[in-house]
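# Breakdown of the fold
Each chain is listed here by its residues.
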Amino acid sequence: MPKQVDHDERRRQIGDAVCRVIAARGLNAVSLRHVAAEAGVSMGRVQHYFATVDEMLMFAFDLISERVAARLGAVHSDDPAKYLRAILLELLPLSPDARAEAPVLAAFLAQAVVEPRLGVPLHEGNEQMVAWLAGMITAVRPGGDPKRDAMALLAFVDGLMLQVLIGQVTPEAAEDLVDHQLSRVLT
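Residues numbered from 1 in each chain as written. Predicted model: local features only at pLDDT ≥ 70, side-chain atom pairs only at ≥ 80, totals over all residues. Heavy atoms only, no water.

The protein appears in an unreviewed UniProt entry as TetR family transcriptional regulator from Lentzea atacamensis.

Structural data, given as structure tokens:
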């Protein structure tokens with residue numbers, strides 16, 4: 001009886017390898033040879049699942065986006081202020097999973113500056129996150145300009161993510177800075 005192959009799982013394994021290559025060496029290091037070596041498979045197998053490097057990159061972007069969404073979806077609190085804080089902290093490279101994903105996200109953010117097609121899903125995700133954050137801000141503090149505050153918080157956390165990644169800000173300091181910014185927005 002022929003062996004059953006889970007093609008989705010194989011694509012995900014290769015996508016994971018793409019993410020590891022990006023995290024370790026950047027987007028420019030993603031090649032058929034590097035990905036195959038990282039995945040421990042032949043270059044032919046990678047080509048079977050991905051026709052181009054561009055296709056691998058887009059799959060890896062979707063994979064990371066799904067993982068971040070799953071981590072954010074696992075955060076819950078009945079207290080809107082605590083919920084908002086937990087979400088903002090989850091966007092930072094503070095946990096092992098977030099720490100593994102953040103360099104990949106940062107690489108895609110940087111590439112989106114010169115690659116407009118990457119900007120489209122980032123823009124859509126950003127709009128959704130701003131709307132959600134604005135709703136949480138309104139639940140804690142009605143009035144003001146919650147959308148503007150949400151945009152400012154999200155931009156702050158994006159920048160803080162990079163600062164933590166390069167070692168400019170410690171994880172403990174990042175948490176303190178999030179608390180500081182939230183106290184300014186929510187009072």
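Still more ground to cover, so stick around.
As annotated by UniProt and renumbered to match this structure, "domain: HTH tetR-type" (unreviewed entry) occupies residues 8-68. Here residues 8-68 runs as 80% helix and 0% strand, with 19 Å between its end C-alpha atoms. (UniProt positions renumbered as here; feature names shortened; annotations may be inferred. Helix = DSSP H or I, 4+ residues; strand = E, 2+ residues; numbered from the N terminus.)

Our next topic: the UniProt feature "DNA-binding region" (unreviewed entry) in the protein. Per the UniProt record, "DNA-binding region" (unreviewed entry) is found at residues 31-50. Counting secondary structure, residues 31-50 comes out at 75% helix and 0% strand; the distance between its end C-alpha atoms is 11 Å.

A few words on the environment of L182. Within the secondary structure, L182 is located in helix α9 (residues 171-186). Counting along the chain gives 104 residues from L182 to D78, while the straight-line C-alpha distance between them is 17 Å. When neighbours within four sequence positions are excluded, L182 is seen to be in contact with L84, R85, L88 and L153. (Contact = heavy atoms within 4.5 Å.)

Once that is clear, we can look at the packing of helix α1 (residues 7-25) against helix α6 (residues 96-112). Two numbers describe how α1 lies on α6: the axes approach to 8 Å, and their chain directions differ by 80 degrees. It follows from the interaxial angle that α1 and α6 lie roughly perpendicular. Each of C19, I22 and A23 in α1 lies in contact with α6, whose residues at this interface are A100, P103, V104, A107 and F108. Classifying every residue of the contact of α1 with α6 by side-chain character gives 8 nonpolar, no polar and no charged. (Axes fitted to C-alpha atoms, helices over the stretch in contact; angles between N-to-C directions. Parallel < 35°, antiparallel > 145°, perpendicular 65-115°, else oblique. Nonpolar A, V, L, I, M, F, W, Y, C, P; charged D, E, K, R; others polar.)

Relative to the assigned elements, I64 resides in helix α4 (residues 53-73). Sequence separation between I64 and L160 is 96 residues; the distance between their C-alpha atoms is 19 Å. Non-local contacts of I64, meaning those with residues more than four positions away in its chain, are made with C19, E101, V104 and L105.

All right, on to α1 then. Two residues of an α-helix separated by three or four positions point the same way, owing to the 3.6 residues in each turn. Here α1 is 19 residues long and its end C-alpha atoms lie 27 Å apart, about the 27 Å a rise of 1.5 Å per residue gives. Looking only at α1, the buried set comprises R10, I14, G15, A17, V18, C19, V21 and I22. The N-cap of α1, judged by a side-chain oxygen 3.2 Å from the amide nitrogen of D8 a few residues on, is D6. Directly beyond the C-terminal end of α1, a positive phi value near 95 degrees is found at G26. (Expected span 1.5 Å × (residues − 1). Buried < 20%, exposed > 50% of the residue type's maximum accessible area, 1.4 Å probe, protein only. Polar contact = N/O pair within 3.5 Å; in protein donor to acceptor, adjacent residues only side chain to side chain.)

Another aspect to go through is the nonpolar core. With 57 residues, the main nonpolar core has I22, L88 and F108 as its most contacted residues. For this core, the domains that each give at least three residues are domain 1 (1-63) and domain 2 (75-187). Among residues more than four places away in sequence, those in contact with F108 are I22, L27, L57, A60, F61, L118 and L122. (Core = buried A, V, L, I, M, F, W, Y, C linked by side-chain atoms within 4.5 Å. Domains from an automatic or database assignment.)

Next up on the list: the side chain of R141. With respect to the secondary-structure elements, R141 resides in the loop between α7 (116-140) and α8 (146-165). Overall, the relative accessible area of 14% leaves R141 in the buried class. Within polar-contact distance, the side chain of R141 engages the backbone oxygen of G143 at 3.1 Å. In contact with R141, other than residues within four places in its own chain, are P146, D149, V185, L186 and T187.

Time to look at the domain arrangement of the protein. The domains assigned to the protein are domain 1 (1-63) and domain 2 (75-187). Taking only C-alpha atoms into account, the centre of domain 1 sits 29 Å from that of domain 2. Counting residues at the interface gives 9 residues for domain 1 and 10 residues for domain 2. Among the residues of domain 1 in contact with domain 2, L27, M58 and F61 are the three that bury the most area, contributing 58% of the side total. (Buried area = accessible area lost by both parts, 1.4 Å probe.)

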